[in-house]
Amino acid sequence: MSIPGPGGQGLQLTPFRGLRYVAERVGSLAAVTSPPYDVVVRPEGLRQLETADPYNIVRLILPQADSPEARHRQAAETLRRWQADGVLAPDPEPALYVYEQRDGPALQRGLIGALRLSPREEGIVLPHEEVMPHVVEDRADLMRATAAHLEPLLLAYRGNGNGNGTSGDGAAGPGAGGAGTGGAARVIESAIQREPLLSTTTEDGVDHHLWRVTDPADLVAVSADLRHHQALIADGHHRWATYLRLREERREPGPWDFGLVLLVDTARYPLRVRAIHRLLRQLPPDDALTAARRAFRVRTVDGPLPRALETLAEAAETARAEPSAPNAFLLAGDGRFHLLDRPDPELLARTVPEGRPEAWRTLDATVLHHALLDDLWNVPDTPEHIGYIHDPAAAVEQAERLGGTAVLMHSVGEDIVHELARQGIAMPHKSTSFGPKPATGLVLRSLTLG
C-alpha cells in the first residue's frame, strides 16, 4: 500500500535506544519472552510464563495484583527494579532493529522502530478492527505507569521488488534480496549478513534473531523508502489506540508522539491470517444450541478437534459461495462439536446494521455479534461473559471446564481486510489474528530514554 501523489509523508520510522535484557542476568533469552499480552491463555499460560524465569516479561505486560491500580504500580516498580539491578539495560545509541523469525521453512523479517503516530483520517496507518474501551483504558494506565512501550505492534505494508518507494505488487518472494534491491529491503538484507545482536529459540521452536542498524546512510535509506507507504495494523489495535490517546494527553512534542512497531513488507514476507475464537463463559451449550436452531441449521459433526475444524473450513468456503447464507460457526463445550450454518436471511436482515459495505455485513464476526450474541443468545460483550482466545484447543478446554460454550471461527480472507481498511470501515473487534507475531521481551522502548 503506497501513499498516492508526490510529497506524501507516509510512514516515518525513527531509531530509538532499545531497552533489552542483559543475557548474563537471566536464565535464557527464550525463558524471559512471552507472546503478546492478549495471546497469553489465562491462567495456565500465565503461570507457565511466570515460572519459566523470575524475570519473564509477562510480569510487566500482565502484572498480577488485587486491583488495576496495584497491577500497574507493580509493573512500574518491577521495571524500575530490573533496570536498577542491571537485568534490563539500554543500548548505547538509537537504532532501528532488523527482526527475523524462522519457523521451519517459514521466514519473516521486518524493522522494529518508533513510528510517528497518525490518526486514521491521514490514511497512513490503517486500522481494520474496532477496539474495546476497557482494554484501551487498561493498556493506557499501564503505559502511563511504566512510561514504556513493552511490546511492538505488528504493521504490514506492501513494498516492491526494487525498494525504490514506488507502488507495485511485483515484489520478490520471501528470502529474495541482494543485488537490485534498495531502501528498507537492502538495509535488511545487508544487516542479516552480520553477526546477530541476539539469537534465541522459543519453546514453540521458532528461531528469533535481532540486528541493530545505526549507520546514518542506512537510516536515511529506510526513511526515504518508507515515506511513500502506508501500513495496515495487523496486530495491536488496542495498543495503537492507546498510543493515540496518550499522545493527545500531552501538549508538547516528545517521545509520546511515537509508538513501538514492527513493520513487515508483506510483498516479501506474507503474513498468515487466522481466526480469534469466542469463549462464552456463562452460556451452557444446550442453551446456545436450542436458541441457534431457531435461525440456523445445526448439525453435530465428528471430532477430534482438527477434523471438526476441517469440517468448519469446508462449510465456510461453501457458505461464502451462497450470498443468502454466507456464514458458518463451530460450537463446542459439551464434549461434541456442532456446526452452525445457513442462517435465516430474515434474521440477518433484521439484526445486521444497514449502511455498511456488503463485505462487512456478511463477515462471520458481524453476524456472530449482531445475530447470535445480541439477538439469539443475549450475551453482553463484557469480559465476564466473553473471552477472546487465539488457540481453538484452549477455547474448547475452557468451555468444557466452565460449562460454557466455545464458538470457533473460520479465518477471514486478507483481501477483505485490506478492502475494508482502505474504505475506512472497521471490522468487529477481534475479527482476525495476523502472524507470526513478534515475541514480547526482545526489545522494549522506554519513553524516558528518548
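The structure under discussion appears in the preceding block.
The following paragraphs examine the structure supplied in this document. Counting from 1, residues in each chain are numbered in the order their sequence is written. In keeping with the model being predicted, local features are shown solely for residues with a pLDDT of at least 70 and side-chain atom pairs are shown and tallied solely at 80 or more, while totals for entire chains, interfaces and linings include all residues. Side-chain descriptors were evaluated using all non-hydrogen atoms of the structure, hydrogens and water having been removed beforehand.

## Quick word on the overall build of the protein
A count of helical and extended segments in the protein gives 15 helices and 21 strands. Computation of the radius of gyration draws on C-alpha atoms, with the globule rule given as 2.2 Å multiplied by the number of residues to the power 0.38. Taking 450 residues into account, the globule formula puts the C-alpha radius of gyration at 22 Å, and the protein, at 22 Å, falls close to it. Taking the principal axes of the C-alpha coordinates as reference, the protein spans close to 65 × 50 × 45 Å. Only heavy atoms enter the contact rule, under which two residues are in contact if any of them lie within 4.5 Å. A separation of at least 24 residues holds for 78% of the contacts in the protein among residues at least 6 apart in sequence. Summed over its atoms, the accessible surface of the protein is roughly 18,500 Å², and 49% of this surface lies on carbon and sulfur atoms. Treating the 47 positive side-chain charges of the protein as one cloud and the 60 negative ones as another, the clouds have centres 3 Å apart. Strands are runs of DSSP state E lasting at least two residues, helices are runs of H or I lasting at least four, and both sets are numbered from the N terminus onward. Note that accessible areas follow from Shrake-Rupley with a 1.4 Å probe, and for residues the cover is restricted to the protein chains shown. All tallies of charge rest on Lys and Arg as positive and Asp and Glu as negative; His and the ends of each chain are not included. For the purpose of locating charges, the reference atoms are NZ of Lys, CZ of Arg, CG of Asp and CD of Glu.

## Description of the layout of surface pockets
A water-sized probe rolled over the atoms picks out the places where empty space is left. The distinction between a cavity and a pocket rests on a 1 Å grid over the protein atoms alone: a 1.4 Å probe fits inside a cavity but cannot get out, while a pocket stays open yet meets protein on both sides within 12 Å along at least five of seven lines, and a residue with an atom within 4 Å of a point counts as lining. Grid points are joined across faces, edges and corners, and a volume is the space filled by probe spheres set on the points. The volume enclosed by the largest pocket comes to roughly 1,400 Å³. In this structure, the largest pocket is lined by 48 residues; those nearest its centre are P35, V39, D204, R274 and K437. At the level of elements, helix 1 (29–32), helix 2 (44–52), strand 4 (96–103), strand 5 (106–116), strand 13 (272–274), helix 10 (305–320) and strand 20 (433–435) are the ones that each hand at least two residues to the lining of the largest pocket. Among the elements that take part in the lining of the largest pocket, helix 2 stands out by supplying 4 residues, more than any other. Three classes are used: nonpolar for Ala, Val, Leu, Ile, Met, Phe, Trp, Tyr, Cys and Pro, charged for Asp, Glu, Lys and Arg, and polar for all others, with Gly counted as polar. Of the residues in the lining of the largest pocket, the class split is 25 nonpolar, 15 polar and 8 charged.

## What about the environment of R139?
Here R139 lies in helix 5 (residues 133–146). Partly exposed residues are those whose accessible area sits between 20% and 50% of the maximum for their type, while under 20% is buried and over 50% is exposed, using a 1.4 Å probe and protein chains only. Classification of R139 by relative accessible area gives buried; the value is 6%. Each C-alpha atom of the pair R139 and A241 lies 9.4 Å from the other, and the pair is 102 residues apart in sequence. Every residue in contact with R139, bar those within four places of it in the chain, is listed here: Y37, I61, L62, E151 and T242.

## Some points on the packing of helix 4 (residues 68–84) against helix 5
The contact between helix 4 and helix 5 brings their axes to 8 Å, and the two run at 35 degrees. Here helix 4 runs over helix 5; the crossing is right-handed. Taking contact as the criterion, the partners of R71, H72, A75, A76, L79 and R80 in helix 4 are, on helix 5, D138, D141, L142, A145 and T146. Among the residues making up the contact of helix 4 with helix 5, the classes are represented as 5 nonpolar, 2 polar and 4 charged. The axes are straight lines fitted to the C-alpha atoms, using for helices just the contacting stretch, and the angles between their N-to-C directions are given from 0 to 180°. A clockwise turn of the near helix away from the far one marks a right-handed crossing, whereas an anticlockwise turn of less than a right angle marks a left-handed crossing.

## As for the sheet that holds strand 17 (residues 337–341)
Strands pair, by our definition, only if DSSP identifies at least two bridges between them. Spatially, 15-17-16-19-14-18 is the arrangement adopted by the 6 strands of the open sheet, whose pairing is antiparallel. Looking at which strands have only one partner, the edges of the open sheet turn out to be strand 15 (297–301) and strand 18 (386–389). Averaged over neighbouring strand pairs, the angle between their axes works out to 25 degrees when direction is ignored. Inspection of the sheet shows strand 16 (residues 328–332) paired to strand 17 by 5 bridges, in the antiparallel sense. From the neighbouring strand, L330 faces strand 17, where its bridge partner is L339.

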